[in-house]
Amino acid sequence: MGRILLGVSSSIAIYKACELVRELRKREHEVRVVLSPFSEKFISRLTFEALSGNKTFVDWEDDPLLHINLPRWSDLFIIAPCSINTLSKVALGIGDNLLTTCALSHRGTLMLAPAGNPEMYKNPAIQENLRRLRERGVLIVEPEEGKLLCEEEGQGRLASTERLLDWVEYSLRPKPLMGKRVLITVGATREFIDRVRFISNLSSGLMGFSLARVFRWYGADVRVVAGFTTSQEPPNIEIIRVVSTQEMREKVIGLKDWADLVVMNSAVADYRPAKTYSGKLKKEKRLTLELIKNPDILEELGKEKGNKILVGFALEEEEKLLSGAEKKLKEKNLDAVVANPLQSMGSNFYRGRLIFKDGQHFEIEEDDKLKAAERVASFLIEKLFKYPQKYR
Ligand code: CTP
């Protein structure tokens, strides 16, 4: 995975940098930390050494070329938290300590996550410095709104670890999908019987949300139409929420001309009650529900496909995994289909098979859903967008 140089400057949000190092290591990245001199008054370098498993630096010690060697070693340089002072020094090209000098000599992607008092952040001088940094291609992960330790409310809280991790993954990947628009449907639709009861399925949305993350990492403009989900929403992506299959259909059809690629990962309820009671149905000896068929959204998209790329997920019993998925690939006029065994629904793990309309098959070996999603997306990018890079 990536080699990440983490610069830490003085802010009370420094405790979140410890969590960031831990999470980066869990995701198999190698991490080295450089502290600004003042930040060591908040947390000792020993903490960062223990968490990163690497020596942490505050100054040059015995290596006069450390400010060249550390950035040269890294794939990505992040400064988080980036104090308002360090932000301005980087914008103006001032190198007065190891951390800011590393930023001067670094040639790859530089990502700054500012944290500070909202009034300081809003200051026109700081906004001007942010604009300069952006113009130079520096990735700024904006602070979040909320109440700060200084008791003021506003924009100044360091971005969440979740958002920072997502930007790290984004920064480490090539961008073959830049300019492409991807629509992904996620989760389960619900069909209400009465005010409080519904028909639905086990889908957690984890695979669909993972696919959305991954497509963004490879440069696509991603939108998600999601039914009910129990998984954490991906950061930095617009999510349109719906409840029923008909609502999902309406949103998807509304976005069909926008999208270059539609991935229907949602588990769509095939039937809905012919009548929905507005109150709560009383218990009787027997209840017969009449169900009527819902529209098949993917089939409808396939009928007016044009140049759009369509990918479906077919949920099948093991013995019909391939034949069932291949049938849906043909009948719904798809470019590719992912054959899902029943066990994958609602689970954290995934195993399946990706089938293209030219008959080529790829095994998606058992893995957690984020890794499996990246494998599926990489094959799709390679085959359907002709991007000549194998899965990393
Ligand atoms: N799908 C859809 N609209 C529906 C049902 C399914 O768009 N009303 C999409 C799903 O999102 C998925 C694909 O079609 O991408 C296959 O869905 P699946 O549930 O596996 O199969 P069905 O077509 O519903 O057929 P069956 O339930 O008989 O297996």
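Residues numbered from 1 in each chain as written. Predicted model: local features only at pLDDT ≥ 70, side-chain atom pairs only at ≥ 80, totals over all residues. Heavy atoms only, no water.

## Thoughts on the overall build of the protein chain
Of regular secondary structure, the protein chain possesses 13 helices and 19 strands. With respect to the principal axes defined by its C-alpha atoms, the protein chain has extents near 75 × 50 × 35 Å. Relative to its full complement of 392 residues, the protein chain shows a buried share of 52%. By sequence separation, contacts in the protein chain at least 24 residues apart represent 65% of the contacts at least 6 residues apart. Accessible area for the protein chain stands at about 19000 Å²; split by element, carbon and sulfur atoms hold 49% of it. If you average the places of the 61 positive and of the 55 negative side-chain charges in the protein chain, the two averages end up 3 Å apart. (Helix = DSSP H or I, 4+ residues; strand = E, 2+ residues; numbered from the N terminus. Buried < 20%, exposed > 50% of the residue type's maximum accessible area, 1.4 Å probe, protein only. Contact = heavy atoms within 4.5 Å. Areas by Shrake-Rupley, 256 points an atom, 1.4 Å probe, with all protein chains shown as cover. Lys, Arg positive; Asp, Glu negative; His and termini not counted. Charge placed at Lys NZ, Arg CZ, Asp CG, Glu CD.)

## Focus on the domain arrangement of the protein chain
Examined at the domain level, the protein chain breaks down into domain 1 (3–172) and domain 2 (181–391). The C-alpha centroid of domain 2 is placed 38 Å from the C-alpha centroid of domain 1. With seven residues of domain 1 in contact, the opposing surface of domain 2 contributes eight residues. Where domain 1 abuts domain 2, roughly 770 Å² becomes buried across the two surfaces, and 43% of that area is made up of carbon and sulfur atoms. Broken down residue by residue, the surface that domain 1 buries against domain 2 is led by Glu162, Asp166 and Tyr170, which jointly contribute 65%. Connecting domain 1 to domain 2 are four salt bridges. The partner of Arg216 in a salt bridge is Asp166, and the shortest N-O contact between them spans 2.7 Å. At the boundary of domain 1 and domain 2, one finds four residue pairs in polar contact (both at pLDDT 80 or more). (Domains from an automatic or database assignment. Buried area = accessible area lost by both parts, 1.4 Å probe. Salt bridge = Lys/Arg side-chain N within 4 Å of Asp/Glu carboxyl O. Polar contact = N/O pair within 3.5 Å; in protein donor to acceptor, adjacent residues only side chain to side chain.)

## Focus: the site of the ligand
What surrounds the ligand is a group of 14 residues, the closest being Met264, Leu298, Leu315, Lys328 and Lys332. Here an oxygen atom of the ligand and a side-chain polar atom of Asp270 are 3.1 Å apart. Contact between the ligand and Leu315: an oxygen atom at 2.8 Å from a main-chain N or O atom of the residue. Out of a free accessible area of 570 Å², the ligand has 76% covered by protein chains. Where the shell around the ligand is concerned, the elements lending two or more residues are helix H11 (297–303) and strand E16 (309–316). For the shell around the ligand, the leading source of residues is E16, giving four residues. Partitioned by chemical class, the residues of the shell around the ligand number eight nonpolar, two polar and four charged. (Near = heavy atom within 4 Å. Nonpolar A, V, L, I, M, F, W, Y, C, P; charged D, E, K, R; others polar.)

## Thoughts on the pairing of strand E17 (residues 336–341)
Most of E17 sits out of view: six of its six residues are buried. With burial as the criterion, each face of E17 is covered, one bearing Ala336, Val338 and Asn340 and the other bearing Val337, Ala339 and Pro341. Note that E16 and E17 share six bridges and pair parallel. Its bridge partner being in E17, Leu315 is matched across the sheet by Asn340. Each parallel crossover has a hand, and the one from E16 via helix H12 (residues 321–331) to E17 is right-handed. (Pairing = 2+ DSSP bridges. Right-handed = clockwise from strand over helix to strand, strands pointing away.)

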